[in-house]
Amino acid sequence: MNVLLWHVHGSWTTSFVHGKHRYLVPATPDRGPYGLGRARTYTWPESAAEVSPEQLRDAEVDVVILQRPEEIDLAAEWLGRRPGRDLPAIYVEHNTPKDGNVPHSRHPLADRDDLLIAHVTAFNELFWDTGSTRTAVVDHGIVPPAVEYTGELDRLAVVINEPVRRWRVTGTDLLPRFAEIAPLDVFGLRVAGLADHLGLPADRLTSHDDVPQHRMHAELARRRAYLHLCRWTSLGLSLIEAMSIGMPVVALASTEAVTAVPPGAGALATRVDTLLAAAAGFVAEPERARRVGVAARAAARERYGLDRFLADWDRLLEEEVCG
């Protein structure tokens, strides 16, 4: 199939474009949010091709993958065809509701009969009120990181995008407590200067801003354990990647993380003191950290494998395009 989708979430899109189809990714001269084109810091296959808005007018497109409500009008303008009416459309919902009305949150595409909403977690499907709009759940899948855990550094790793802006959502406010246990390495977008924002000395928190994915994985593998302190996000793919590397994880028991981290793969709790004790234990006992990481790796690769993810998406695309 010829699949039109915007480059919105780098990790998810990386997995998605590893399928058997041809992926048309809009690119604009300014490389803005609606024209990022191919990824710079992720490895994509050649089947993911950049297209300009002008080229889309005459492009053969079998299905549109939407990820933001405004893309419906944008696709209609660029294609000259309306998603859901003139060609099949699937809306991928990456996020938990954040409108302040949880658990009564109405999805912006609720009560529509012209598209399908595909949630990336069962938690999202449960918490969004989509009315009569059809829904499905396709659990995440990842390209397996090409590194293995060593845990040689008694430091804790975190991956957060925009930790200052998102603050409590991503648990940024909790980082100073963990920095007392061991030095932190924070990877992600717009993490530069995070130590100053938190009032931490430079030797307790090091920022690694916008590191290419393969290099980030290599650095994560050297840290003793992975912290996932998100209070209210869908499910961080970096958590699954860290587990797949073989890292023991210390995670808040919120949203989909509850099912992503099985017993024996790390520490999962809503009490921060419990997680602090677990992090301290992993730092102090590297062999136990390694054993727990083995369980984490097995769990992540069984549930979040790339082949299963792509097969699930192939079935969904087949149903929507071919009926």
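Just so we're clear, the structure is a prediction, and the values are computed from it rather than from any experiment.

Caption draft 1: Spatial organisation of the sheet that holds strand E7 (residues 134-137). The seven strands lie next to each other as E3-E2-E1-E4-E5-E6-E7, forming an open sheet whose pairing is parallel. One side of each edge strand has no neighbouring strand; the edge strands of this open sheet are strand E3 (48-51) and E7. The sheet shows a mean angle of 30 degrees between the axes of neighbouring strands, direction not considered. Where strand E5 (residues 89-93) and strand E6 (residues 116-119) come together, four bridges link them in parallel fashion. Paired with Tyr91 across the strands is Ile117, a residue of E6. Helix H13 (residues 306-322) contacts strand E4 (63-66), E5, E6 and E7 of the sheet and is inclined by roughly 145 degrees relative to E5.

Caption draft 2: Structural detail: helix H12 (residues 286-303). For H12, with 18 residues, the first-to-last C-alpha span of 26 Å sits near the 26 Å given by 1.5 Å per residue. Listed in full, the buried residues belonging to H12 are Ala289, Val292, Gly293, Ala296, Ala299 and Ala300. Buried residues of H12, viewed axially, fall in a sector of 125 degrees; they line one side. Residues of H12 that are exposed and point over 90 degrees away from its buried face: Glu287, Arg291, Val294 and Glu302.

Caption draft 3: Summary view of the environment of Ala265. Turning to its location among the elements, Ala265 is positioned in the loop between helix H10 (257-260) and strand E13 (266-269). Each C-alpha atom of the pair Ala265 and Ala118 lies 28 Å from the other, and the pair is 147 residues apart in sequence. The residues touching Ala265, leaving out its near neighbours within four places in the chain, are Met243, Pro248, Val249, Val292, Ala295 and Ala296.

Caption draft 4: Structural context of the sheet that holds strand E11 (residues 223-228). Across the sheet, which stays open at both edges, the six strands sit in the order E10-E9-E8-E11-E12-E13 with parallel pairing between neighbours. What marks the edges here is a single partner per strand, and that holds for strand E10 (205-209) and E13. Between one strand axis and the next, the sheet turns through 20 degrees on average, direction left out of account. Bridge analysis of E11 against strand E12 (residues 249-252) gives three bridges, and the strand direction is parallel. Bridging across to E12, Leu227 finds its partner in Val250. Contacting strand E8 (153-159), E11, E12 and E13, helix H11 (residues 272-284) crosses the sheet at an angle of about 175 degrees to E12.

Caption draft 5: Quick look at the side chain of Arg68. Note that Arg68 resides in the loop between E4 and helix H3 (71-79). Here Arg68 falls in the buried class, since its relative accessible area comes to 15%. In this structure the side chain of Arg68 is engaged in a polar contact, spanning 3.0 Å, whose partner is the backbone oxygen of Pro33. In contact with Arg68, other than residues within four places in its own chain, are Trp6, Val8, Pro33, Tyr34 and Tyr91.

Caption draft 6: The packing of H11 against H12, seen in detail. Relative orientation of the contacting elements H11 and H12 amounts to 110 degrees, with a least axis distance of 5 Å. Comparing their axes, H12 and H11 come out roughly perpendicular. Residue-level contacts link Ala278, Gly281, Phe282, Val283 and Ala284 of H11 to Pro286, Arg288, Ala289 and Val292 of H12. Of the residues that constitute the contact of H11 with H12, the class distribution is seven nonpolar, one polar and one charged.

Caption draft 7: Focus on the packing of aromatic side chains. Tallying each qualifying case throughout the model produces nine aromatic pairs. A centroid spacing of 5.9 Å and a plane angle of 35 degrees characterise the contact between Trp6 and Trp78, whose relative ring orientation is tilted. Remark: Trp78 occurs in helix H3 and Trp6 occurs in the loop between strand E1 (2-5) and helix H1 (10-16); sequence separation between them is 72 residues. Of the two residues, Trp6 and Trp78, neither departs from the other in class, the shared state being buried. Members of the aromatic cluster, each reached through a chain of ring pairs, are Trp12, Phe16, Tyr23, Phe309 and Trp313.

Caption draft 8: Expanded view of the environment of Pro29. Residue placement: Pro29 occurs in the loop between strand E2 (22-26) and E3. Since its relative accessible area comes to 88%, Pro29 is described here as exposed.

Caption draft 9: Representation of the packing of helix H9 (residues 237-245) against H12. Remark: H9 packs on H12, axes separated minimally by 6 Å, with the N-to-C direction vectors making an angle of 120 degrees. It follows that H9 is oblique to H12 by the angle criterion. Considering the relative orientation of H9 and H12, their crossing is left-handed. Contact residues: Ile240, Met243, Ser244 and Ile245 in H9; Gly293, Ala296, Arg297, Ala299, Ala300 and Arg301 in H12. Class assignment for the residues of the contact of H9 with H12 results in six nonpolar, two polar and two charged.

What counts, and where the lines are drawn
Counting restarts for each chain: residues are numbered from 1 in the order of the written sequence. Only residues with pLDDT of at least 70 are given local features in this predicted model, and only at 80 or more are side-chain atom pairs given and counted; all residues enter the totals for whole chains, interfaces and linings. Side-chain measures were taken over the full set of non-hydrogen atoms in the model, leaving aside hydrogen atoms and water. Between any two strands, pairing holds if DSSP finds at least two bridges. The way it works is that DSSP assigns letters per residue, a run of H or I at least four long becomes a helix, a run of E at least two long becomes a strand, and they are numbered from the N terminus. Helix axes use the C-alpha atoms of the stretch in contact, all axes being lines fitted to C-alpha atoms, and the angles between their N-to-C directions lie in the range 0 to 180 degrees. The contact criterion used throughout is that any non-hydrogen atoms of two residues lie within 4.5 Å. Any helix carries an expected span of 1.5 Å times its number of residues minus one. Whether a residue is buried, partly exposed or exposed follows from its accessible area with a 1.4 Å probe, protein chains only, as a fraction of its type maximum: under 20%, in between, or over 50%, in that order. The arc refers to the directions leading from the helix axis to the C-beta atoms. Distance and chemistry together define a polar contact, namely a pair of N or O atoms within 3.5 Å, with one atom able to donate a hydrogen and the other to accept it when in protein, and with adjacent residues in sequence counting only for side-chain atoms on both sides. Roughly parallel here means an angle under 35 degrees, roughly antiparallel means over 145, roughly perpendicular means 65 to 115, and every remaining angle is called oblique. Polar here means any residue outside two lists: the nonpolar Ala, Val, Leu, Ile, Met, Phe, Trp, Tyr, Cys and Pro, and the charged Asp, Glu, Lys and Arg; Gly therefore counts as polar. Two rings from Phe, Tyr or Trp (for Trp, the six-membered ring) form a pair when their centres sit within 6.5 Å of each other. Planes less than 30 degrees apart are called stacked, planes more than 60 degrees apart edge-to-face, and all others tilted. For any helix crossing, the convention is left-handed if the near helix is rotated counterclockwise from the far helix by under a right angle, and right-handed if that rotation is clockwise.

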